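Structural features, examined
In case you want the letters, here they are:
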Amino acid sequence: MTYHPSAIVAGTPGLVAAEDDGECAVRVDAVTRRFGPVLAVDNLSLTVERGRTVALLGPNGAGKTTTISMLLGLSKPDSGSIEIFRSAPGSPAAHADVGAMLQDGGMMPGVLVGELLAMVRSLYMSPLALGEVVDIAQLRELEKRRVDRLSGGQSQRLRLAMALIGDPRLLILDEPTAAMDVETRRGFWHAMEGFTERGRTILFSTHYLEEADAAADRIVMMARGRVVADGTPAAIKDSVGLRVIRFSSAHAGIAGLETLPGAVSATAHGSRVELRCSDSDSALRALIATRPDARDIEVAGVALEDAFITITDGLAA
Amino acid sequence: MIKYLALEIRRSLRDRRYLLLVAGWPVAAYLLFSTVFGAAADRSEGLPPTVAIMVAMASFGAMGGVLMASGPRLAMDRQMGWLRQLRLTPLSPARILAARLTAAMALSLPAIILTFIAAALVKGVGLPLWEWPALVLLIAAGCLPFAAIGIVVGTIADGDGAQGLTMVLYLVLAALGGLWMPVAILPSVMQTIARTLPSYHLAQLGWHIARGEAPALGDGLVLLAWFAGAALLAVAVSRRLTLRSA
């Protein structure tokens, strides 16, 4: 099961599903979820094969948390269907298979870290050893601490321990590194690598493209409740164009520029034109041939965050 | 589920403010009332005041222990996101509810036992041996409606609101139910109201035993009716709330 080398951009769904032949960890089919007038998730379809680390990437309000909440059975779709290892979200089978970190998940007030972990561990059929989880989540010194007296980062490590303790086949993590410093974040993803090496699946949400790029082998980009891009980190970066050619031209029109080889999109600001490219070398050669009057040409890299904004803006337009 | 139940009970017993409120208060009130009124002749319950007040204060403390363990804690757990987290585990909502009800019921025991110990040691109350365990079990079991009422309160109100609402319910049920003063001295309208309240019937259960009689079926039925009503209400409000927030 190798993943597509090219990105699947919005408007061409179904390619992932067509490739699937075995049991999937997650299968979302045409799911819609509204909150009053707000369309939080809009006809979303998504399949996650086993053993993958998939990033759900998008700005706040993209529908990531709503999607995760439905995957966990904490809320129900208005229409469409979801399967977790062929079980319904929230069913006993799904609960045994899935470990999750929620952004707003709290801990039982008034109990000790060690007591809480031991209790939660007792709820699973074949859990991990307590000591192993404590080590992975770096909670060794905190076992005797009350859960309501942990710092933000410590609480997040406890959430991780709670997610791992049942030895789940699938981890669903909603913005797992939000409260972590750089050091803790590195340790966290190191621990996650150990988890996937055992054939486990991870689906996590983030609004940092760099984090998705570093940790995931597939990125699903969401905006306004829909998938706007889906592919390997390299493919995503190619499709958005990570280099930009800027030039001035007497006739500033952008007609025909987007179809130049290696070009992705073009915008004009007065007489200055900006051309986003996945392959700026080819685009530059073609540009000079078609626009001999182009002057003050510069070629530069684009920050990952800017690329992210480009693709989500593209959807809005 | 046993471990979850045990942890629910343990965290309440560890909470000093809670223990002081639900066990310290009834014991102190018992010692005060039984000293002030202890010399009086037998009360309307047909019991010596030291015994009648012992049963009343044990019932008062038991009711408080259950209400406080049920409502405010549920509201707090919901607000903190612990219930959301717990719903991700294989523990089903029905088992979570059963464990919480059982834990709340168990927390009627500290007040009952401590009040009895104070009565026996300080006021020299003596009862036939079988009556002690019968009283403990019956008063504890009679607290079932309060556990369900607490679930309703904890579902509709948030943290501080649930704490306040529980306190008001606690005091009103105790005063109108005749736990602080004999119902007989109240105006007749109040007496009629008292006879509809679960707190009144909880005390009646205990007074029957203390007189060496079998508990009256009617008291048990009223308590069961309150439990059924509160349980139905709990189901209704929690369903409405999930529909609204999900």
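Remember, it's a predicted structure, so these values are computed and weren't measured experimentally.

Re the overall build of chain A
- A tally of regular secondary structure across chain A gives eleven helices and 14 strands.
- Within the span of chain A, comprising 317 residues, buried residues form 45% of the whole.
- Taking as baseline every contact in chain A between residues at least 6 positions apart, the subset at least 24 positions apart corresponds to 68%.

Some words on the interface of chain B and chain A
- Taken together, the contact pairs 19 residues of chain B with 24 residues of chain A.
- Of all the secondary-structure elements, those providing two or more residues to the side of chain B that touches chain A are helix H1 (2-13), helix H3 (49-80) and helix H4 (82-86) of chain B.
- Ranked by the residues each element gives to the side of chain B that touches chain A, the list is headed by H1(B), at four residues.
- Along the lines of polarity and charge, the residues of the side of chain B that touches chain A split into nine nonpolar, three polar and seven charged.

Here we look at unusual backbone geometry
All names here are of chain A.
- At alanine 30, a residue that is not glycine, the phi angle is positive and equals roughly 50°.
- Note that alanine 30 resides in strand E2 (residues 24-35).
- On the neighbour-count criterion, alanine 30 (12 C-beta atoms within 10 Å) is exposed.
- The backbone of aspartate 296 sits at a positive phi, close to 50°, despite the residue not being glycine.
- In this structure, aspartate 296 sits in strand E14 (residues 295-301).

Focus: the sheet that holds E14(A)
Residue and element names in this part refer to chain A.
- On the basis of which strands lie adjacent, the open sheet formed by four strands has the order E12-E13-E11-E14 and antiparallel pairing. Looking at strand neighbours, the two that pair on one side only are strand E12 (263-269) and E14, the edges of this open sheet. Sheet twist, expressed as the mean angle between neighbouring strand axes with direction ignored, is 15°.
- Taken together, the five bridges between strand E11 (residues 243-248) and E14 define a ladder with antiparallel strand orientation. Bridge assignment links arginine 243 to a residue of E14, and that residue is glycine 301.
- This element, helix H10 (residues 280-290), spans E11, E12, strand E13 (272-277) and E14 of the sheet and lies at about 20° to E11.

What to know about the nonpolar core
- Among the nonpolar cores identified, the biggest contains 150 residues, and Ala161(A), Met63(B) and Val66(B) are the most heavily contacted of them.
- In terms of residues, this core owes the most to one element, H3(B), which gives 18 residues.
- Ignoring anything within four residues of it in the chain, the contact list for Ala161(A) reads Leu117(A), Val133(A), Val134(A), Ala137(A) and Leu139(A).
- If you look at the next biggest cluster of nonpolar residues, it comprises 14 residues, including Leu260(A), Val264(A), Ala283(A) and Leu284(A).

Here we look at the confidence of the model for chain A
- Per-chain confidence: chain A averages 85 in pLDDT, with 87% of residues scoring 70 or above.
- In this model residues 1-21 of chain A is a low-confidence stretch, pLDDT under 50, and it forms 33 contacts with partners more than four residues away in sequence or in other chains.

Comments concerning the sheet that holds strand E3 (residues 38-49) of chain A
Residue and element names in this part refer to chain A.
- Pairing is antiparallel in the open sheet, where three strands are placed in the order E3-E2-E5. Looking at the sheet topology across the chains shown, the edges are occupied by E3 and strand E5 (79-84). With strand direction ignored, the average angle separating the axes of adjacent strands in the sheet is 15°.
- Both E2 and E3 contribute to a ladder of eight bridges, which runs antiparallel. Across the sheet, valine 31 pairs through a bridge with leucine 44, a residue of E3.

Points about the environment of Gly58(A)
Residues and elements named next belong to chain A.
- Considering the arrangement of structural elements, one finds glycine 58 in the loop between strand E4 (53-57) and helix H2 (64-71).
- Looking at glycine 58, the number of C-beta atoms within 10 Å reads 26, which means it is buried.
- Once the C-alpha coordinates of glycine 58 and serine 205 are considered, the two residues, 147 residues apart in sequence, prove to be 7.9 Å apart.
- Aside from chain neighbours lying at most four places away, what touches glycine 58 is Lys64, His207, Met221, Met222 and Ala223.

Here's the deal with helix H7 (residues 131-141) of chain B
- Leu135(B), Leu138(B), Ile139(B) and Ala140(B) are the residues of H7(B) that are buried.
- Those residues of H7(B) that are buried are in contact with H3, helix H5 (93-106), helix H6 (109-122) and helix H11 (198-210) of chain B.

Thoughts on helix H7 (residues 182-197) of chain A
- Here H7(A) is 16 residues long and its end C-alpha atoms lie 23 Å apart, about the 22 Å a rise of 1.5 Å per residue gives.
- Positive backbone phi, at 80°, marks Gly199(A), one or two positions downstream of H7(A).

Notes on the packing of H3(B) against helix H9 (residues 159-176) of chain B
All names here are of chain B.
- In contact at an axis separation of 9 Å, H3 and H9 are set at 165° when each is read in the N-to-C sense. Taken together, the axes of H3 and H9 lie roughly antiparallel to each other. When you trace H3 past H9, the crossing you get is right-handed. Residues Phe60, Met63, Gly64, Leu67, Met68, Gly71, Pro72, Ala75, Met76 and Gln79 of H3 touch H9, and the partners they reach there are Gly159, Ala162, Gln163, Thr166, Leu169, Tyr170, Leu173 and Ala174.
- Tallied by class, the residues present in the contact of H3 with H9 amount to twelve nonpolar, six polar and no charged.

So, how was this worked out
- Per chain, the residues get numbers from 1 upward, laid out in the order the sequence is written.
- Think of it this way: whatever chain is written first is A, whatever ligand is written first is 1, and the rest follow in order.
- This being a predicted model, a pLDDT of at least 70 is required before a residue's local features are given, and a value of 80 or more before pairs of side-chain atoms are given or counted; all residues contribute to the totals for chains, interfaces and linings.
- Helical segments are the DSSP runs of H or I of at least four residues, strand segments are the runs of E of at least two, and each set is numbered from the N terminus.
- Field definition: a residue is buried when 20 or more other C-beta atoms are found within 10 Å of its C-beta, exposed when 12 or fewer are, and partly exposed for counts in between, with C-beta atoms placed from the backbone.
- Residue pairs are scored as contacts if the distance between their C-beta atoms, which are placed from the backbone, is within 7 Å.
- Throughout this entry, Asp, Glu, Lys and Arg are counted as charged residues, while Ala, Val, Leu, Ile, Met, Phe, Trp, Tyr, Cys and Pro are counted as nonpolar. The remaining residues, Gly among them, count as polar.
- DSSP calls a pair of strands paired once it identifies at least 2 bridges connecting them.
- Only the stretch in contact is used when fitting a helix axis, every axis being a line fitted to C-alpha atoms; angles between N-to-C directions are given from 0 to 180 degrees.
- Each nonpolar core consists of buried Ala, Val, Leu, Ile, Met, Phe, Trp, Tyr and Cys residues. Their C-beta atoms, within 7 Å, join them into a set.
- For every residue, the pLDDT score states the predictor's confidence, bounded by 0 at the bottom and 100 at the top.
- Here a helix's expected span is defined as the number of its residues, less one, multiplied by 1.5 Å.
- An angle below 35 degrees is read as roughly parallel, one above 145 as roughly antiparallel, one from 65 to 115 as roughly perpendicular, and any other as oblique.
- Note on convention: the crossing is left-handed when the near helix lies turned anticlockwise from the far helix by less than a right angle, right-handed when the turn is clockwise.

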